Amino acid sequence: MQHLLEIKDVSLNYHTLKDETKAIEKISFYADNNEFISIVGPSGCGKTTLLSIIAGILKPSSGTIFLNGTPTYEVKNKIGYMFQRDHLFEWRTVLQNVKLGLEITKNKDESNLKYLEELLQKYGLYDFKDKYPNHLSGGMRQRVALIRTLVLRPEILLLDEPFGALDYQTRKLVIQDVSDIITREQKTSLLVTHDLGEAVSLSDRIIVLSKRPSFVKAEFTTNLRKIPLIEERKKTDEYKELVEKIWKELS
Ligand code: ADP
Ligand code: MG
């Protein structure tokens, strides 16, 4: 069966003048339509490196990434990226911020602008479209960043610790919010996080990376996404058992 995304034997070595760092070694896994996959691993093991390769920002030393069977270096703009910081431009309004990607990729046509307006309406941002980012809460800023990515209609959404910069209370709300939007928009997502609770409660599958040079050490499957509320997922035995198993795998 052909997978939506297939990462095949991907390795990357960083070269500096002095030495070479083996960051990741022969990583392989796949993602199917509509799946939510988390990637966990020790700090510095190469998680950001891996996402950058999938996004096409970094070229792997060896190995290939396939999207619908085609190597990703041959397809453009199919993969959306969301970072820890929201990277909104303070001097642009919400609307100007979410339009930016369409402008850069020269996709600012009627149908995309309509889709953009729909997303803003659907997710409660339409009334804020002429406001500047500093008038928004941390949670709303993340939602703007997510919509800016979604409007490009990516086939895969990459999230690199997108909740890391938020305080505890905001974080809980934003995680539920982002998770609901991703489910509703049926976006295949890869989330990098160091928070095991986040990984387990949000995902269909969790991929555990070893320490550097990292490879896929273990993989776990959950049924937790059937439960709508993340707080409820966290009360189940399945959740508790998985967090413990992954914790053991990492230590
Ligand atoms: P993680 O996101 O899992 O914390 P990274 O992917 O950021 O890890 O980094 C993996 C390893 O590669 C680390 O040891 C880091 O120091 C090294 N590294 C990251 N970026 C570069 C770079 N541009 N040049 C050299 N080494 C790098
Ligand atoms: Mg990182």
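For the structure itself, look to the data block above.
Every value quoted in this text rests on a predicted model; they were computed, and no experiment measured them. (Residues numbered from 1 in each chain as written. Chains lettered and ligands numbered in written order. Predicted model: local features only at pLDDT ≥ 70, side-chain atom pairs only at ≥ 80, totals over all residues. Heavy atoms only, no water.)

Visitor: Would you mind going over the overall build of the protein with me for this structure?
Guide: Within the protein, the regular secondary structure consists of eight helices and 10 strands. Against the 2.2 N^0.38 benchmark of 18 Å for 251 residues, the protein shows a C-alpha radius of gyration of 18 Å, consistent with a compact globule. With the C-alpha coordinates aligned to their principal axes, the bounding extent of the protein is approximately 45 × 45 × 40 Å. For the protein, the proportion of its 251 residues judged to be buried stands at 49%. With the model as given, the accessible surface of the protein reaches about 13000 Å², and the carbon-plus-sulfur share is 50%. Where the 37 positive side-chain charges of the protein centre and where its 35 negative ones centre are 3 Å apart. (Helix = DSSP H or I, 4+ residues; strand = E, 2+ residues; numbered from the N terminus. Rg over C-alpha atoms; globule rule 2.2 N^0.38 Å. Buried < 20%, exposed > 50% of the residue type's maximum accessible area, 1.4 Å probe, protein only. Areas by Shrake-Rupley, 256 points an atom, 1.4 Å probe, with all protein chains shown as cover. Lys, Arg positive; Asp, Glu negative; His and termini not counted. Charge placed at Lys NZ, Arg CZ, Asp CG, Glu CD.)

Visitor: Help me understand the sheet that holds strand E7 (residues 156-160), please; the structure alone is not making it clear to me.
Guide: The strands that make up a sheet are held in pairs by hydrogen bonds between backbone atoms, and each pair lies either parallel or antiparallel. Taken in spatial order, the six strands of this open sheet run E6-E7-E8-E3-E9-E10, and their pairing is mixed. Both edges of this open sheet fall to strand E6 (79-82) and strand E10 (216-221), since each of them pairs with a single strand only. When strand polarity is set aside, the average angle formed by the axes of neighbouring strands in this sheet is 20°. As judged from the four bridges shared by strand E3 (residues 36-40) and strand E8 (residues 188-192), these two strands associate in the parallel manner. The residue of E8 that forms the bridge with Ile37 is Leu190. (Pairing = 2+ DSSP bridges. Axes fitted to C-alpha atoms, helices over the stretch in contact; angles between N-to-C directions.)

Visitor: I would appreciate a short explanation of the nonpolar core in the present structure.
Guide: The nonpolar side chains of a soluble globular protein tend to be buried, and buried together. By size, the foremost hydrophobic cluster in this structure holds 32 residues, and its most contacted members are Ile147 and Phe163. In contact with Ile147, not counting residues within four places along its chain, are Val98, Leu116, Leu119, Leu120, Tyr123 and Leu125. Counting residues in each nonpolar core, the second largest holds 27 residues, with Ile24, Ile37, Leu51 and Ile54 among its members. (Core = buried A, V, L, I, M, F, W, Y, C linked by side-chain atoms within 4.5 Å. Contact = heavy atoms within 4.5 Å.)

Visitor: Mind showing me how you'd approach the sheet that holds strand E1 (residues 5-15) here?
Guide: If you trace the four strands from one edge of the open sheet to the other, you get E2-E1-E4-E5, paired in antiparallel fashion. Edge strands, defined here as strands with exactly one partner in the open sheet, are strand E2 (20-31) and strand E5 (70-71). Where E1 lies against strand E4 (residues 62-67), five bridges are found, and the strand directions are antiparallel. Opposite Ser11, over in E4, you have Ser62 as the bridge partner.

Visitor: Help me understand the pairing of E3 in this model?
Guide: In the case of a regular strand, side chains alternate between the two sheet surfaces. For E3, the buried fraction is high: five of the five residues fall into the buried class. Where burial is concerned, the two faces of E3 agree: the one with Phe36, Ser38 and Val40 and the one with Ile37 and Ile39 are both buried. Relative to strand E9 (residues 205-209), E3 is paired through four bridges, and the arrangement is parallel. Counterpart to Ser38 in the pairing with E9 is Ile206.

Visitor: Would you explain the site of ligand 1 in this entry?
Guide: Around ligand 1 lies a shell formed by Tyr14, Ser43, Gly44, Cys45, Gly46, Lys47, Thr48, Thr49 and Arg212. Take Tyr14: an N or O atom from its side chain is 3.5 Å from a nitrogen atom of ligand 1. Interatomic distance of 2.8 Å between a backbone N/O atom of Lys47 and an oxygen atom of ligand 1. The protein chains hide 61% of the 570 Å² of surface that ligand 1 would expose on its own. At three residues, helix H1 (residues 47-55) tops the list of elements feeding residues into the shell around ligand 1. A breakdown of the residues in the shell around ligand 1 according to their chemical character gives two nonpolar, five polar and two charged. (Near = heavy atom within 4 Å. Polar contact = N/O pair within 3.5 Å; in protein donor to acceptor, adjacent residues only side chain to side chain. Nonpolar A, V, L, I, M, F, W, Y, C, P; charged D, E, K, R; others polar.)

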